[in-house]
Amino acid sequence: PVTPEGELPRNETLYIGGLQWSRVVGWNPLSPDMNNAMGVTQNAASRTPIYETLYMYNPLTGKMHPLLAGEDYVWNDARTEVTVKLNPDAKWSDGTPVTAEDVAYTYATHLKYNTHIGVNNGAFVDRIEAKDAGTLVIYAKLDEQGKANNPMMVEDFIGTMYVLQKAYLQKVEERNGGDADKIKNDPCEDFVSSGPYTKFHSDDQKVVFVRDDNYWGQAASMWGKLPVPKYIAHGMYADNAAAIVGLTEGEIDVAQLFIENVQKLWLEKGLPISTFIDEAPYGICENLPTAFFNLNREELQNVTIRKAIAMAVDYDTIISTAMTNQSPTFKQVPRSMMNPTPGEQGTFDHDALKELQWAGNDIEGAKKLLDEAGIVDKDGDGIRELKGKKLSFNACCPYGWSDWQVAMEIVAAAGEKIGIEITTNFPDWAVYQTVATNGKQTDYDIFMFWTNSASMTQPWARCRWLLSSEYVGQENNWNGNFGGYSNPRADELLKLIPQEGDAAKLKEYYTELNKIYLTDVPSFGLMYRPNQFYTVNESVWTNYPSQDDGRNIPPLNLLDGYGIAGLYGLELVK
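On a predicted model such as this, the values are computed, not experimentally measured, just so you know.

A. Local environment of the overall build of the protein. Regarding its fold elements, the protein presents 17 helices and 24 strands. For the protein, the spread of C-alpha atoms along the three principal axes comes to 80 × 65 × 45 Å. Taking all 574 residues of the protein together, 58% fall into the buried category. For the protein, the computed accessible surface area is about 22,900 Å², with 49% contributed by carbon and sulfur atoms. Here the protein contributes 49 positively and 77 negatively charged side chains, and the mean placements of these two sets differ by 2 Å.

As structure tokens, then:
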């Protein structure tokens, strides 16, 4: 038998890298503070080797695949209730069946103790009711007209929330005397779960899962077999550079790491390493790291200044240097609020936006725009003025985020070419996060943030992130629109979209939202970026998911959403 101190058999162990950087605190899905990226991560495509969701999201197809559910979910005609039938084969690790009552009790517990899952979904999901042991109904929260507040958020929720065992939750409540804080801080080392793996070992060097050979998913109704690796392990590396060495030396099999010029690993070094797509951009780009203009600054309330800066930036250089071409260019995928995936690109009328889009590095066009608006350099010092004030801004992002820093240097260089002074400022993340998320701040003028990635709520959620006035002036705002932009028509469209079932109408709404965004330029995307990087070393394992293999398994590191399907196809290298 393998001891936790001993070596894991390499031919039975899949090593992951880039998800877990320090010791796991606990295994409790009611808490956001377990520092357990490997075992407890609930988002649009939740990580399911230990705990499982009703459905698995697949960003390649935009579909939900049943997991604990036995078939597709069904909306009622009014789109206010979703009926889910559970897979009758689904069992807990203690051998008892997973029931609709477990699902209902899990959500009720999240609401009762005000957990992050409860807070994030409470406005959209009212309650869950068990109709019988195998059938549950999810009731949407309704507005004054009796319509669901947001049917898309309900669909997102069913791929997000881990289903937990009612009996185990009651045990946790009891031992903590019903105290919400104690319940959320309980490490739950004795957890009961339904997934294919369970905890084997965890310390400050590594975390290891071991396969549960009684896993219910080997039933014909689900995967029909067990996942191939007996162990899944994740070592704690000091930093990105150390983890990249681990990958190149074959210590890591699957890596969620940004690797500059990743293609050199196979083209120049001849290593058995590959990515999801074998040529640039090498992965599926799902989000848009974005520069926000701080509209608390009077000069940046001028749309001509914002547009001129955005037009002048050399995005091709950002993509070739900061991203080492692991992003399509804005010539290849013209600018909008949508990511480059076919699903999102199909949601708006491309021709209607052509006049408004810019590909960047248009110095003459930007100068002309400023000159025509009378924003000129009157005192001959090379810097333009507005109402007698020099146009001088800072461009900020966190220190050490090297690709972002390169991007902001290029933004600053664009300013100089068009007579606007832009200086870079790179504070530590601890400082940056406090300032950038304060909607009243005046310290950062042009500052970078990510946008959200693929989910059942896209591209609506990204449009909301970039345009919704609900976040204006908030002090601890992690939800978007960091610059404080407000447009009543954009807000109206953001309310209409989740209620709309007609595809033609939706296309009209999304096209109009993009027109507003490209006309008013409250922020501008700097690059496209994968939600997760995915690079694999095939010295031990092979047959990893890739773009053209016909399996439609997304590059989500074999653990997230439908990405976990990849664990069932792995083969040892002969």
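Still more to cover.
B. View of the packing of helix α15 (residues 460-467) against helix α17 (residues 503-520). Axis separation between α15 and α17 bottoms out at 11 Å; the angle between their running directions is 30 degrees. As judged from the angle between their axes, α15 and α17 are roughly parallel. Where α15 crosses over α17, the two elements pack in a sense that is left-handed. Contacts between α15 and α17 involve Trp460, Cys463, Leu466 and Leu467 from the first element and Tyr510, Leu513 and Tyr517 from the second. Of the residues that constitute the contact of α15 with α17, the class distribution is seven nonpolar, no polar and no charged.

C. Just the pairing of strand β5 (residues 81-85), in detail. In β5, alternate side chains face the same way, and those of Val82 and Val84 are buried while those of Glu81, Thr83 and Lys85 on the opposite face are not. When strand β4 (residues 74-75) meets β5, the two strands line up antiparallel, connected through two bridges. Its bridge partner lying in β5, Val74 is registered against Thr83. Linking two consecutive strands that pair antiparallel, namely β4 and β5, is a turn of five residues; a positive phi of about 55 degrees is found at Arg79 within it. Alignment of β5 against strand β7 (residues 135-140), held across five bridges, turns out to be antiparallel. Within β7, the residue paired with Val82 across the bridge is Ile138.

D. Examining the sheet that holds strand β6 (residues 125-132) more closely. Ordered by their spatial adjacency, four strands build an open sheet running β4-β5-β7-β6, and the pairing between neighbours is antiparallel. Two strands bound the open sheet, and with one partner strand each, they are β4 and β6. Where β6 and β7 come together, six bridges link them in antiparallel fashion. For Glu129, the partnering residue across the bridge sits in β7 and is Val137. Helix α1 (residues 100-112) contacts β6 and β7 of the sheet and is inclined by roughly 155 degrees relative to β6.

E. Layout of the environment of Ala352. For Ala352, the position within the fold is in helix α11 (residues 350-353). In this structure, the C-alpha to C-alpha distance between Ala352 and Trp404, residues 52 residues apart in sequence, is 31 Å. Once residues lying within four places of it in the same chain are set aside, the contact partners of Ala352 are Thr511 and Lys515.

F. Layout of helix α6 (residues 240-248). Among the residues of α6, those classed as buried are Ala243, Ile244, Gly246 and Leu247. The buried side chains of α6 occupy one side of the element, clustering within an arc of 155 degrees when seen end-on. Buried residues in α6 make contact with β11 (254-255), α7 (264-267), β12 (273-275) and β22 (535-537). A distance of 3.3 Å separates the backbone nitrogen of Ala241 from a side-chain oxygen at the start of α6, and that oxygen is part of Asp239. Looking one or two residues past α6, Gly250 carries a phi angle of roughly 85 degrees, positive in sign.

G. Quick look at unusual backbone geometry. The omega angle of the peptide bond from Ala280 to Pro281 is 10 degrees, so this bond is cis rather than trans. Cis geometry is adopted by the peptide bond preceding Pro459, which originates at Gln458 and carries an omega value of 0 degrees. Located in the positive-phi region is Tyr282, a residue other than glycine, with phi close to 75 degrees. Take Tyr282: it is sitting in the loop between β12 and β13 (285-287). Residue classification places Tyr282 among the buried positions, given a relative accessible area of 9%. Non-glycine residue Asn481 carries a positive phi angle of around 45 degrees. Structurally, Asn481 can be placed in the loop between α15 and α16 (488-496).

H. Representation of the sheet that holds strand β20 (residues 523-525) within the structure. Reading across the sheet, the five strands line up as β18-β17-β19-β14-β20 and stay open at both edges, with mixed pairing between neighbours. Edge positions in the sheet fall to β18 (421-425) and β20, since each has one partner strand and no second. Strand after strand, the sheet turns through a mean of 25 degrees between neighbouring axes, direction not considered. With two bridges connecting them, strand β17 (residues 392-396) and strand β19 (residues 446-449) associate as parallel partners.

I. Expanded view of the side chain of Asn294. Tracing the backbone shows Asn294 in the loop between β14 (290-293) and α8 (303-312). Reaching out from Asn294, the side chain makes a polar contact with the backbone oxygen of Tyr444 at a distance of 2.9 Å. Not counting the four nearest positions on each side in its chain, Asn294 is found in contact with Leu300, Gln441, Thr442, Tyr444, Asp445, Phe447 and Gly483.

J. Highlighting the nonpolar core. Among the nonpolar cores identified, the biggest contains 85 residues, and Leu54, Ile138 and Trp223 are the most heavily contacted of them. Top element by residues in this core is α1. It accounts for five residues. Dropping the residues within four chain positions of it, Ile138 is found in contact with Leu54, Thr80, Glu81, Val82, Val84, Val125, Arg127, Ile128, Val154 and Ile158. With 84 residues, the next largest nonpolar core counts Leu386, Ala407, Val435 and Ala436 among its residues.

K. Looking closely at the pattern of salt bridges. A complete count under the given rule lists 31 salt bridges for this structure. Measuring nitrogen to oxygen at the nearest pair gives 3.5 Å for the salt bridge that ties Lys368 to Glu372. Pair noted here: Lys368 and Glu372 are both in helix α12 (residues 363-372), with a separation of four residues, about one helical turn. Since its relative accessible area comes to 52%, Lys368 is described here as exposed. Across the pair Lys505 and Glu508 runs a salt bridge, and its minimum N-O distance is 3.2 Å. In this pair, Lys505 and Glu508 are both assigned in helix α17, three residues apart and thus about one turn of the helix distant. Ionic contacts of the salt-bridge type, sharing partners, join the residues Asp126, Arg127, Glu129 and Lys131 into one network.

Cut-offs applied
- Residues numbered from 1 in each chain as written.
- Predicted model: local features only at pLDDT ≥ 70, side-chain atom pairs only at ≥ 80, totals over all residues.
- Heavy atoms only, no water.
- Helix = DSSP H or I, 4+ residues; strand = E, 2+ residues; numbered from the N terminus.
- Buried < 20%, exposed > 50% of the residue type's maximum accessible area, 1.4 Å probe, protein only.
- Areas by Shrake-Rupley, 256 points an atom, 1.4 Å probe, with all protein chains shown as cover.
- Lys, Arg positive; Asp, Glu negative; His and termini not counted.
- Charge placed at Lys NZ, Arg CZ, Asp CG, Glu CD.
- Axes fitted to C-alpha atoms, helices over the stretch in contact; angles between N-to-C directions.
- Parallel < 35°, antiparallel > 145°, perpendicular 65-115°, else oblique.
- Left-handed = near helix turned anticlockwise from the far one by under 90°.
- Contact = heavy atoms within 4.5 Å.
- Nonpolar A, V, L, I, M, F, W, Y, C, P; charged D, E, K, R; others polar.
- Pairing = 2+ DSSP bridges.
- Arc of directions from axis to C-beta.
- Polar contact = N/O pair within 3.5 Å; in protein donor to acceptor, adjacent residues only side chain to side chain.
- Core = buried A, V, L, I, M, F, W, Y, C linked by side-chain atoms within 4.5 Å.
- Salt bridge = Lys/Arg side-chain N within 4 Å of Asp/Glu carboxyl O.

Honestly, that's just the spatial picture; any functional story needs more than this.
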